[in-house]
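An overview of the molecular structure
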Amino acid sequence: MQIVLRDNDQGPFLSKVLAYGQAESLLDEAQLAQIKAKAVLMSLKLADKFYNKYKMHLLEHAAFDVIGVVSLGLMEQSERDLNRGLSLLMTADGIVKSFQKGWSMLTIVSKYKLSGKSIYGDIDKVLLEKVSCPSDAQEWSGWQAYQEALLDCNRQESVVSLLRQFYSQASYDPLDCLSLESVFAEVVLYRLFFGPVKIKQDLKQRLAHIELEEHWFTLDHIELEMSNTLGELPPALAETISVDLGKYFAPGLLRTLTFAKGYREQLLKGVSPERLERLEYKEGLTGLLGWPIYIVM
């Protein structure tokens, strides 16, 4: 494994830290050789576990994985500070602990990935490929790829939390591709109609048995319902949801409310389920924020 020292702001963080240490005379050749030796050993172990260590191009691939994963863990542990990063690397197991940290970070954010079975166990193959990087690369997008995966993972965890807290029966499957905004919208819409009760797949049937209040059909009232619902959640979860919601969230719910009014009128007329279904598709289910998409049999 050859770690090339470069002064490149866009390269992998491990290379940047080592280059900083040499430039500032904080890292001598013996210390650098020791870090490299541990990195080579880690690459051999990784290749032995996931690749074929006797094929040199696969061993090189494992070395790139080590560089990327170490860079990720080192950035997190040092808070992207070169001096702190160097201090961590120069401890007895610094590079190993940085690798373990990076590997743990990737494992956590891979929880809901759908890229198929991964040869890396719990880590998404596509994500690791984005993190993996040669030491002399001009650019390294591993940190950005991790941040995007972390954001997506937080959204998925928030969806699971909403389902657990507000739904009477809820199981989560990543294949459902539920967005945080759509799930939160259904929660707000259901509770606006029926109060603070557990959500069931019965909104379409129950809609005929309630009176729609005129004051519901205002942005102020919808925003009040949103605020009340967020107030029941842990602060971190409420913050994640608030950040995820677009500026058209409340207007979108108002449009859905208006549709629900027309849908209720058709229910009261006793129209067939087929006509109700055509009404939904004519309006466009994807455009009805918060409207449940289950089929009434």
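Remember, predicted model here, so these are calculated numbers, not experimental data.

**Thoughts on the packing of helix α2 (residues 29-50) against helix α5 (residues 94-109)**
- Running from N to C, α2 and α5 point in directions that differ by 40 degrees, and their axes come no closer than 10 Å. It follows that α2 is oblique to α5 by the angle criterion. Contacts between α2 and α5 involve Ile35, Lys38, Ala39, Met42, Leu46 and Phe50 on the former and, on the latter, Ile95, Val96, Phe99 and Trp103.
- Looking at the contact of α2 with α5 residue by residue, the classes come out as nine nonpolar, no polar and one charged.

**With respect to the pattern of salt bridges**
- Under the defined criterion, the tally for this structure stands at ten salt bridges.
- Put simply, Arg206 and Asp202 hold a salt bridge, and the shortest N to O gap is 3.9 Å.
- We classify Arg206 as partly exposed; its relative accessible area is 32%.

**Focus: the packing of aromatic side chains**
- By the definition in use, this model includes twelve aromatic pairs.
- Each ring, one from Phe193 and one from Phe194, has its centre 5.9 Å from the other, and the planes form 55 degrees; the classification is tilted. Phe194 carries the same exposure label as Phe193, and that label is buried.
- Three or more aromatic residues joined by ring pairs form one cluster here, namely Phe50, Tyr51, Phe99, Trp103 and Tyr120.
- In this arrangement the basic side chain of Arg206 is found over the ring face of Phe194, its NZ or CZ atom lying 4.0 Å from the centre.

**A short note on helix α4 (residues 82-89)**
- Regarding α4, the residues found buried are Gly85, Leu86 and Leu89. Down the axis of α4, the sector holding all buried residues measures 100 degrees, keeping them to one side.
- Buried residues in α4 make contact with α1 (13-23), α2, α3 (56-78) and α5.
- A side-chain oxygen of the first residue of α4 lies 3.2 Å from the backbone nitrogen of Asn83; this N-cap is Asp81.

**Focus on the packing of helix α8 (residues 180-194) against helix α12 (residues 249-269)**
- For the pair α8 and α12, the least separation of the axes is 11 Å and the interaxial angle reads 50 degrees. Here α8 is positioned oblique relative to α12, judged by the angle of their axes. Crossing angle aside, the handedness with which α8 passes α12 is right-handed. Residues Glu181, Phe184, Ala185, Val188, Leu189, Leu192 and Phe193 of α8 lie in contact with α12, whose contacting residues are Phe249, Leu253, Thr256, Leu257 and Ala260.
- Residues of the contact of α8 with α12, tallied by class, amount to ten nonpolar, one polar and one charged.

**Some thoughts on the nonpolar core**
- With 45 residues, the main nonpolar core has Leu89, Phe99, Trp103 and Leu106 as its most contacted residues.
- Of all the secondary-structure elements, those providing two or more residues to this core are α1, α2, α3, α4, α5, α6 (125-131) and α7 (142-166).
- With nine residues, α3 is the single largest residue contributor to this core.
- Ignoring anything within four residues of it in the chain, the contact list for Phe99 reads Met42, Leu46, Val66, Val69 and Val70.
- Judged by nonpolar contacts, the second largest core, of 43 residues, contains Leu162, Leu192, Phe259 and Val271.

**Concerning the environment of Gln266**
- For Gln266, the location among the structural elements is in helix α12.
- Taking C-alpha positions, Gln266 is 40 Å from Pro235, a pair spaced 31 residues apart along the chain.
- Discounting residues that sit within four places of it in the chain, Gln266 has contacts with Val271, Arg275, Leu276 and Leu279.

**Structural notes on α8**
- Between its first and last C-alpha atoms α8 spans 21 Å; for 15 residues at 1.5 Å apiece the expected length is 21 Å, and the two agree.
- The element α8 is extensively covered by neighbouring structure, given that 13 of its 15 residues are classed as buried.
- Following α8 by one or two positions, Gly195 has its phi on the positive side, about 85 degrees.

**Side note on the side chain of Ser78**
- Along the chain, Ser78 turns up in helix α3.
- Take Ser78: its relative accessible area is 0%, and that puts it in the buried class.
- In contact with Ser78, not counting residues within four places along its chain, are Phe13, Arg84, Gly85 and Leu88.

**Quick look at unusual backbone geometry**
- Unusually for a residue other than glycine, Glu79 sits at a positive phi of about 55 degrees.
- Mapped onto the fold, Glu79 is located in the loop between α3 and α4.
- The residue Arg80 is not glycine, and still its phi comes out positive at about 65 degrees.

Reading guide: rules and limits
- Residues numbered from 1 in each chain as written.
- Predicted model: local features only at pLDDT ≥ 70, side-chain atom pairs only at ≥ 80, totals over all residues.
- Heavy atoms only, no water.
- Axes fitted to C-alpha atoms, helices over the stretch in contact; angles between N-to-C directions.
- Helix = DSSP H or I, 4+ residues; strand = E, 2+ residues; numbered from the N terminus.
- Parallel < 35°, antiparallel > 145°, perpendicular 65-115°, else oblique.
- Contact = heavy atoms within 4.5 Å.
- Nonpolar A, V, L, I, M, F, W, Y, C, P; charged D, E, K, R; others polar.
- Salt bridge = Lys/Arg side-chain N within 4 Å of Asp/Glu carboxyl O.
- Buried < 20%, exposed > 50% of the residue type's maximum accessible area, 1.4 Å probe, protein only.
- Phe/Tyr/Trp six-rings, centres within 6.5 Å; stacked < 30°, edge-to-face > 60°.
- Lys NZ or Arg CZ within 6 Å of the ring centre and 35° of its normal.
- Arc of directions from axis to C-beta.
- Polar contact = N/O pair within 3.5 Å; in protein donor to acceptor, adjacent residues only side chain to side chain.
- Left-handed = near helix turned anticlockwise from the far one by under 90°.
- Core = buried A, V, L, I, M, F, W, Y, C linked by side-chain atoms within 4.5 Å.
- Expected span 1.5 Å × (residues − 1).

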